[in-house]
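Here are the chains, one letter per residue:
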Amino acid sequence: MVLGLLRDKADRPPPLSEPRGVSFEVQYLKDDHWITEQICRKEEDARALAARILPNRTGVRIIREFVRPGRGGETVDTIIHTEYRQEPKRPIAPVPVEEAHYCKLPQEYLAFDSRVLISRVLRQYLDEKGVTASELLHNAGEAKRVLNFEALVPNAVSRIATLQSKETGEDSRARRDVILGVLEELRQRAEKAVANRALPYPKEIGFAATMRQVDEILGTATAGSPDAAAEEAAYLGKVIVCRDLVNIRGLLGKAELLIDLASDDSLPADDAALLDQLLADVLGAPDMVRDMLGRQPDLMTALNRMIDLIGGTFEPQGVEMSPPCTAAISRWVAGPHGNETRAVLLDFLRRQVRGTQRLSHGEPLQQIAKYRNLVNRLMRPDGLLGGPAMAEAVLMGYHRFIEQGGAEGRRLALESVLQLLPTGAERLVYLACLARSDVGAKDGAAIAAQALEIANRVGGLNDLVDRALPLKPKMEASAALYRLVTEGDALPGDMGEKLGARLDDLVATYIIDGRVIERLDDPSASLRVRATRLVQFAGAEVLASPKARRIVRDQIISHLRQPNFDSKFVEGLTTEAEKAAVLRNFYDLLSRAQFM
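Since the model is a prediction, treat every value here as computed from it, not as a measurement.

**Some points on the confidence of the model for the chain**
Okay, step 1: For the chain, the mean per-residue pLDDT works out to 90, and 94% of the residues sit at or above 70.
Okay, step 2: Note that pLDDT drops below 50 for residues 1-17; the model gives that stretch six contacts with residues more than four away or on any other chain.

Following this line, the structure appears as C-alpha cells:
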C-alpha cells in the first residue's frame with residue numbers, strides 16, 4: 001500500500017500554477033538587442049524578476065514559451081509583458097560653451113558661425129523639439145516658441161553676452177539686451193516674410209522653380225543693391241523650406257527632403273549653397289550622425305566610416321543598416337556645394353578623435369595600431385583632413401594611451417604620433433599643421449625644432465619622401481610640402497623659412513643627381529615632345545621650390561631661344577590650323593607654369 005501511494009505521488013504533475021510545457025523567459029534590453037536574464041516556470045516569478053531588475057536596465061520583457069504537444073515539439077512564443085525604465089525628465093537648459101562668435105549685424109546671426117553656436121547652446125531644446133537652428137531663425141512660430149520657453153533663451157543669451165563682454169570690454173547686460181533685441185527682430189522678419197503671400201511648395205515643383213517664383217514674388221520690392229536683393233531672395237527661400245521642415249520632426253526626414261531638393265543638377269550655385277546651409281544644421285546634431293552611420297561595432301569603425309562619408313565614398317553595408325540617404329549625403333558633402341555640411345561633419349569627427357572614449361575592443365597595442373591606421377587616413381600631401389584643428393585633435397586623442405598630462409604628456413604624445421607616420425615628409429606635414437594650431441601657440445619652438453631636426457637629418461629627398469614613388473608623384477608630394485611650409489599662416493619663428501630652404505635644396509639636388517632633366521629632355525625625341533615634357537614638369541603642382549624651378553626654367557629657355565623655335569616646334573604637322581592649335585596649347589602651358 002505504501003509503495004502504491006509513492007507510485008501515485010510520483011505520477012502526479014508538480015504543483016505548478018502553469019500547465020506542463022510552459023515557461024517564461026525574462027529578457028532585458030542592452031543597446032539595441034534583447035538578452036536573456038533567466039527562464040522561470042511561473043509567470044508570477046517572471047514578473048517579480050522583471051520588476052526587480054528594471055531599475056538597472058533600459059527595458060525588460062517576458063516571453064511566454066509554450067511547447068505544443070504532439071507536433072514534434074513546436075514552440076509558440078508570445079510577448080506578454082514589455083516595460084521600459086522611465087528616465088526622470090531633465091530640465092532643458094543652455095549647454096555651456098567656452099567661446100561665442102560675435103555678431104554685429106542682424107544678417108550675421110543667420111550665418112554659419114552663429115548657427116553653429118545656437119546649435120550647441122540650445123542642443124537640448126533642439127533635440128527635444130526636433131527642430132534646427134535654421135528653423136528657429138526662419139520660422140516665426142518656432143522662434144516664438146523658443147523665445148517663450150521658460151527662461152531658456154534669456155539664460156543662454158546672458159552666458160553668451162558674458163563671454164563676449166570679456167573679449168570686448170563692453171557691459172554684459174547691454175550686450176544681452178542687444179542680442180535679445182535682434183532675436184525678436186528676426187522673429188518679426190520671419191513673420192512678415194509669409195504674411196499675405198502665396199508661397200510655393202518646393203517638394204511639388206522643385207527648388208529651382210521655387211527660387212524663380214521667389215524672384216517673381218519679390219519683384220521690385222527689393223529695390224537697392226544686387227547684394228541686398230540676393231540676400232532677401234535667399235532669406236525667403238530659407239523661410240519657404242523651413243516652413244516644410246518644421247512639419248518633419250525627425251532629423252532623418254529633414255535630411256531626406258533637403259538632399260532630394262538638392263539632387264537637381266541644374267540648380268544654380270547660390271541655390272545649392274542655400275540648401276547646404278539648411279542641411280548643415282540638420283547634420284550638426286550628434287544623433288543625426290549616428291543615425292546616418294547606422295550600427296557600428298565600435299568608435300574606431302564609426303570614425304573610419306565618417307572619413308568615408310566626408311570623402312564622398314560612403315556606400316552602405318548590409319550589417320550597418322544605414323539609411324539610403326547617407327550615400328547621397330556623402331556625395332553631396334564631397335561635391336562643389338557641400339561646404340558647410342563638410343565643415344560640420346569635420347568638426348564632429350575632430351571632436352570624436354580628440355575625445356577620451358575607448359576606440360575599440362582589445363589590448364592597448366591593438367588600439368594603437370588601429371589609431372595609426374586612422375591617423376594615416378587623415379593625412380594628405382598638403383595637410384591633414386580638417387587642418388590644424390585636426391592635427392591638435394590627433395595629438396590630444398593620443399592621451400588615451402598615456403598617463404602623463406601637461407607639457408610632459410604633450411611631448412610624449414607628439415613623439416608617439418610622429419612614430420605613427422611612415423615617412424619624414426608626412427611627419428613634416430603633421431608638424432606644420434600642428435604648429436598652426438592652439439598647441440603650436442604654446443609649444444611652437446619645440447615643434448619647429450623637431451621639424452628642422454627631421455628635415456636636416458635626411459641625406460636626400462628619397463630619405464624624406466617614399467622612395468618607391470614614381471617621379472611625378474614624388475615631385476608633387478615635395479611641392480605640396482613646400483607650399484604648406486612657405487605659404488598660408490605663418491609658422492612659429494623662422495620655421496617656415498628654414499624648412500622651405502632645406503626642401504628647396506633637397507629637391508634641386510635630387511633633380512641634378514638623378515639627371516631628371518636629361519631623362520625628360522631626351523635628344524632623340526622631337527622638340528615639341530621635349531619642350532612640352534619640361535613645361536608640364538615645371539607646373540606649380542609638380543615643382544614649387546625656387547631652385548628646382550630655376551633649373552627647369554633655364555632648360556626651357558634654352559629651347560625657346562633657338563632660332564625659328566615655332567617652326568621647329570610644329571615640324572611634322574601638316575595643316576596650318578593644327579600648327580596654330582599646338583602652338584597655342586604650348587604657350588598656354590607656359591603661362592600656367594608661370595613662365596610667361
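On we go from here.
**With respect to the sheet that holds strand β2 (residues 33-40)**
Okay, step 1: Here we have four strands laid out as an open sheet, ordered β2-β1-β3-β4, and antiparallel in their pairing. Two strands bound the open sheet, and with one partner strand each, they are β2 and β4 (75-84). Here the strands of the sheet are splayed against their neighbours by 25° on average, with no regard to which way each runs.
Okay, step 2: Here strand β1 (residues 22-30) pairs with strand β3 (residues 59-67) via seven bridges, running antiparallel. Paired with S23 across the bridge in β3 is E65.
Okay, step 3: Its contacts with the sheet place helix α2 (residues 43-53) against β1, β2, β3 and β4, and it is angled at close to 10° to β1.

**Topic: the packing of aromatic side chains**
What characterises a pair of aromatic rings is the spacing of the ring centres plus the angle enclosed by the ring planes.
Okay, step 1: Here the structure, examined in full by the defined rule, presents nine aromatic pairs.
Okay, step 2: On the numbers, 5.5 Å between centres and 35° between planes, the contact of F565 with F569 is tilted. Highlighted residues: F565 and F569, both in helix α29 (residues 565-569), separated by four residues, approximately one helical turn. Of the two residues, F565 and F569, neither departs from the other in class, the shared state being buried.

**Focus: the side chain of N139**
Okay, step 1: With respect to the secondary-structure elements, N139 resides in the loop between α5 (133-138) and α6 (140-147).
Okay, step 2: At 3.2 Å, the side chain of N139 and the backbone nitrogen of G141 are in polar contact.
Okay, step 3: A distance of 3.0 Å separates a polar atom in the side chain of N139 from the backbone nitrogen of E142.
Okay, step 4: In contact with N139, other than residues within four places in its own chain, are A190, C242, R243 and V246.

**Some details on the state of the cysteines**
Okay, step 1: Scanning the entire structure with this criterion turns up zero disulfides.
Okay, step 2: Here C242 is not disulfide-linked; the sulfur of C103 is the nearest cysteine sulfur, at 17 Å.
Okay, step 3: Judged by relative accessible area, which is 0%, C242 ranks as buried.
Okay, step 4: Not engaged in a disulfide, the cysteine C325 finds its nearest cysteine sulfur in C242; these two sulfurs lie 18 Å apart.
Okay, step 5: Accessibility expressed as a relative area gives 8% for C325, which makes it buried.

Cut-off values and rules
- Residues numbered from 1 in each chain as written.
- Predicted model: local features only at pLDDT ≥ 70, side-chain atom pairs only at ≥ 80, totals over all residues.
- Heavy atoms only, no water.
- pLDDT = per-residue confidence, 0-100.
- Contact = heavy atoms within 4.5 Å.
- Pairing = 2+ DSSP bridges.
- Helix = DSSP H or I, 4+ residues; strand = E, 2+ residues; numbered from the N terminus.
- Axes fitted to C-alpha atoms, helices over the stretch in contact; angles between N-to-C directions.
- Phe/Tyr/Trp six-rings, centres within 6.5 Å; stacked < 30°, edge-to-face > 60°.
- Buried < 20%, exposed > 50% of the residue type's maximum accessible area, 1.4 Å probe, protein only.
- Polar contact = N/O pair within 3.5 Å; in protein donor to acceptor, adjacent residues only side chain to side chain.
- Disulfide = S-S within 2.5 Å.

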